[in-house]
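# Structure assessment
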Amino acid sequence: MAKPTGFLEYVRQTAPKRPVPQRVQDWREVEGHLPDGTLREQAARCMDCGIPFCHAFGCPLANRIPEFNEMVYRGDWERALEFLHATNNFPEITGRVCPAPCEAACTLSIGAEPVTIRQVELAVVERGWREGLIGPERPHRRTGRRVVVVGSGPAGLAAAQQLARAGHEVVVFEKSPHPGGILRYGIPDFKLEKWVLDRRLDQMRAEGVAFETGVAVGDDVSMRYLAGKFDAVLLAVGAEQPRDLTIPGRGLEGIHFAMDFLVQQNRRVAGEDVPDDDAIWAAGRKVVVVGGGDTGSDCVGTARRQGAAAVTQIELLPEPPAQRSADCPWPAWPTIKRTSSSHEEGCERLWSVLTKEFIGHGGIDVHGLRCVRIAWSEPDADGRRSFEEVPDSEFHLEADLVLLALGFVHVRHGSMVTEAGLATDDRGNLKVDAHGMTSREGVFAASDCVHGASLVVRAIAGGRQVAEHIDDYLRGDDE
Ligand SMILES: Cc1cc2nc3c(=O)[nH]c(=O)nc-3n(C[C@H](O)[C@H](O)[C@H](O)COP(=O)(O)OP(=O)(O)OC[C@H]3O[C@@H](n4cnc5c(N)ncnc54)[C@H](O)[C@@H]3O)c2cc1C
Ligand code: SF4
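In short, a report on the structure. No experiment lies behind these values; they were computed from the predicted model shown. Throughout this description, residue numbers start from 1 for each chain and increase along the sequence as written. Lettering for chains starts from A, numbering for ligands starts from 1, and both go in the order in which the items are written. Where totals are concerned, whole chains, interfaces and linings use all residues; where local detail is concerned, this predicted model gives features only for residues with pLDDT of at least 70, and gives and counts side-chain atom pairs only at 80 or more. By convention in this description, side-chain values take in all heavy atoms of the structure and omit both hydrogens and water.

In this section: the overall build of the protein chain. Scanning the protein chain from N- to C-terminus turns up 19 helices and 16 strands. Only C-alpha atoms enter the radius of gyration, while the globule expectation follows 2.2 Å times N to the 0.38, with N the number of residues. Relative to the 2.2 N^0.38 estimate, which gives 23 Å for 479 residues, the radius of gyration of the protein chain is 23 Å and therefore close to what a compact globule would have. Along the first, second and third principal axes, the C-alpha set of the protein chain runs to 70 × 60 × 50 Å. Burial classes follow relative accessibility: with a 1.4 Å probe on protein chains only, a residue under 20% of its type's maximum area counts as buried, one over 50% as exposed, and anything between as partly exposed. Here the protein chain holds 479 residues, and 51% of them are scored as buried. Each helix is a run of H or I in the DSSP string that is no shorter than four residues. Each strand is a run of E no shorter than two, and both are numbered from the N terminus.

On to the layout of surface pockets. Considering only enclosed or pocket space, the second largest pocket measures out at about 300 Å³ in volume. Residue lining of the second largest pocket: 21 residues in total, with A446, S447, H451, G462 and Q465 positioned closest to the centre. Those elements that provide at least two residues to the lining of the second largest pocket are α18 (448-451) and α19 (456-478). Its residues placed into classes, the lining of the second largest pocket shows 10 nonpolar, eight polar and three charged. A pocket, in this scheme, is an open set of points on a 1 Å grid over the protein atoms alone with protein on both sides within 12 Å along at least 5 of 7 lines, while a cavity is a set where a 1.4 Å probe fits but cannot get out; residues line either one if an atom lies within 4 Å of a point. Grid points are joined across faces, edges and corners, and a volume is the space filled by probe spheres set on the points. In this count, Pro and Cys sit with the nonpolar residues alongside Ala, Val, Leu, Ile, Met, Phe, Trp and Tyr, while Asp, Glu, Lys and Arg are called charged and the others, Gly among them, polar.

We now examine the pattern of salt bridges. For this analysis, a salt bridge means a side-chain nitrogen from Lys or Arg found within 4 Å of a carboxyl oxygen belonging to Asp or Glu. Scanning all chains against the criterion turns up 36 salt bridges. Salt-bridge contacts for R200 lead to E92; the nearest nitrogen and oxygen are separated by 2.6 Å. Residue R200 is found in helix α12 (residues 194-206), and its partner E92 is found in helix α7 (residues 91-97); the two are separated by 108 residues along the sequence. Under the relative-accessibility criterion, R200 is labelled buried at 2%. With a closest N to O distance of 3.3 Å, R146 and E169 form a salt bridge. With R146 in strand β1 (residues 146-150) and E169 in strand β2 (residues 169-174), this residue pair connects regions lying 23 residues apart in the sequence. Judged by its relative accessible area of 26%, R146 is partly exposed. Residue classification places E169 among the partly exposed residues on the basis of a relative accessible area of 41%. Shared partners join several salt bridges into a network, and the residues in it are K17, R23, R305, E344 and E345.

Looking now at the pairing of strand β11 (residues 365-376). Where strand β10 (residues 353-361) lies against β11, eight bridges are found, and the strand directions are antiparallel. Within the sheet, the bridge partner assigned to G360 lies in β11 and is V366. Paired strands, in this sense, are two strands between which DSSP finds at least two bridges. The turn joining β10 and β11, which pair antiparallel and follow one another in sequence, is formed by three residues; a positive phi near 55° is taken by G362. Bridging between β11 and strand β13 (residues 395-398) involves four bridges; their strand directions are antiparallel. Residue L369 lies in a different strand from β13, and its bridge partner there is L397. Where β11 meets strand β12 (residues 387-389), three bridges bridge the pair, whose relative direction is antiparallel. Note that in β12 the partner of I374 across the bridge is E389.

So, about the site of ligand 2. Only heavy atoms are used to decide nearness, and a residue is near a molecule or strand if one of them lies within 4 Å of it. Around ligand 2, the surrounding shell consists of C59, N63, I65, T94, C98, A100, P101, C102, I117, R118, E121 and V457. In this description, a molecule resides in a pocket or cavity if more than half of its atoms sit within 2 Å of the grid points defining it. Counting atoms within 2 Å of the grid points, the majority share of ligand 2 lands in the second largest cavity. Contributing elements (two or more residues each) for the shell around ligand 2: α8 (101-104) and α9 (117-130). The leading source of residues in the shell around ligand 2 is α9, at three residues. For the shell around ligand 2, a count of residues per class yields eight nonpolar, two polar and two charged.

To continue, consider the environment of I336. Here I336 is to be found in the loop between β8 (310-314) and α16 (341-344). For the pair formed by I336 and P320, sequence separation is 16 residues and the distance between their alpha carbons is 5.1 Å.

Attention now goes to the site of ligand 1. The full set close to ligand 1 counts 36 residues, and V97, E174, K191, V217 and D448 are the nearest of them. Polar contacts, as counted here, are pairs of nitrogen or oxygen atoms within 3.5 Å of one another; within protein the pair requires one atom able to donate a hydrogen and one able to accept it, and residues that are adjacent in sequence qualify only if both atoms are side-chain atoms. The separation between a nitrogen atom of ligand 1 and a polar main-chain atom of V97 is 2.9 Å. The contact in question runs from an oxygen atom of ligand 1 to an N or O atom on the side chain of E174, over 2.6 Å. For the accessible areas, the method is Shrake-Rupley and the probe is 1.4 Å, while residue cover comes only from the protein chains on display. Here ligand 1, which alone exposes 1,000 Å², has 95% of that area covered by the protein. Broken down by secondary-structure element, the contributors of at least two residues to the shell around ligand 1 are α10 (154-165), β2, α14 (258-269), α15 (294-306) and α19.

Shape is all these values report; function is a separate question.
Rendered as structure tokens:
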């Protein structure tokens, strides 16, 4: 245990954020770091519970949280790092972008504030990098088996690293110019600077993972070719099909999917070329983000930094409560109102709003949205709620740039899925068996393309799990 009385002695502290006027001038990370001394006190708050819900229920990776907290408190940062890496390939990424379901499940959060687990995690791994404790972990023995991973998001990367360390030859195919998936092209630099990702990719290359970028499987390379060349194929291609809003006026200029907007800005920050003709640009514009989730919030912060004249984010669902409600008891992840760093930077947020129509200038450029307020019913026996329009509540929102951040429906049903004849489930995701194998022998799939859009921590967990199945499958071949 860290310190038996730590939770009584110390209050929760979180890392400071850079001041808003300063941070909206650049694309650098918003969140700072707590000094190591403060972090030791924060780790000392861990009560080493008999059943650590943070580890067993909260963290999808089952990170060994009480153990690394104790090591940080004792000043044994190296051992803390070993505990961290035992379950998580990329703690420097989850340490920056994870919403920390572990903290919602921390026993302390029942009557007080939870341990700052995410920031302890980040401090442990960053210290490890600084002190040269993290280097390539090459396998002792090569198996002679070849695996191709399609997609280089967190799931593909975690699987590739695990498989390479198990001694297999691993090649990652990625259609974008650089590896990383949403980590590189979706999440803005103000949440995750890309050198963080590049540093880990260098480690993976040194461990023997090869990256073939700018190759779209299904278009540039066929699934048949991959199946013939490799002993196993892993599809970790994400859930890229965005949810649309097919209402009158959808075809007007100035209405874009959130990812198209975010990808462009990430490319600009990285120095990649974004042709002017295709540019989606918020400077001087009234921006409306449709969709109240995290992708929408990333659009808010990006539009702010580009110099939008005004930013409004609208959401169909009602405004969540400030505190955990009785029907969402600990240790479940609570539905509460969350204010992101982007919201703090200036944005009007509206809830229970239904968009009826996009209005255009002369039928060409978007000029606004015709909206109506809605009232939600109480949940029925199955927990489902319905809504009705509030009479006479129609209103107009001015907008010359509309960003659709309504989530993702499923994996793209492009040539890769159709050519291989892969079975999908009733939600349109790739269907897999208990071993992560698709309807094609030797073709596995994991993470968002199987379960739908989720979180980085779940993607890493999915990648690690499917890597175990693939390893078993390949070793089974030897028997
Ligand atoms: C804007 C945004 C912000 C987010 N912010 C957070 C956050 O702060 N915290 C958090 O926990 N989660 C966040 N998420 C969710 C998280 O990023 C995803 O759940 C996670 O990245 C999914 O990982 P993945 O590896 O399954 O897929 P992805 O990250 O989507 O990677 C899939 C990769 O496959 C490639 N690919 C697809 N088809 C092919 C093909 N045919 N050939 C070759 N390559 C192909 C794609 O180009 C992509 O690189 C965010 C999501 C979005 C969209
Ligand atoms: S990965 Fe996320 S859930 Fe797991 S310990 Fe880290 S912050 Fe918590």
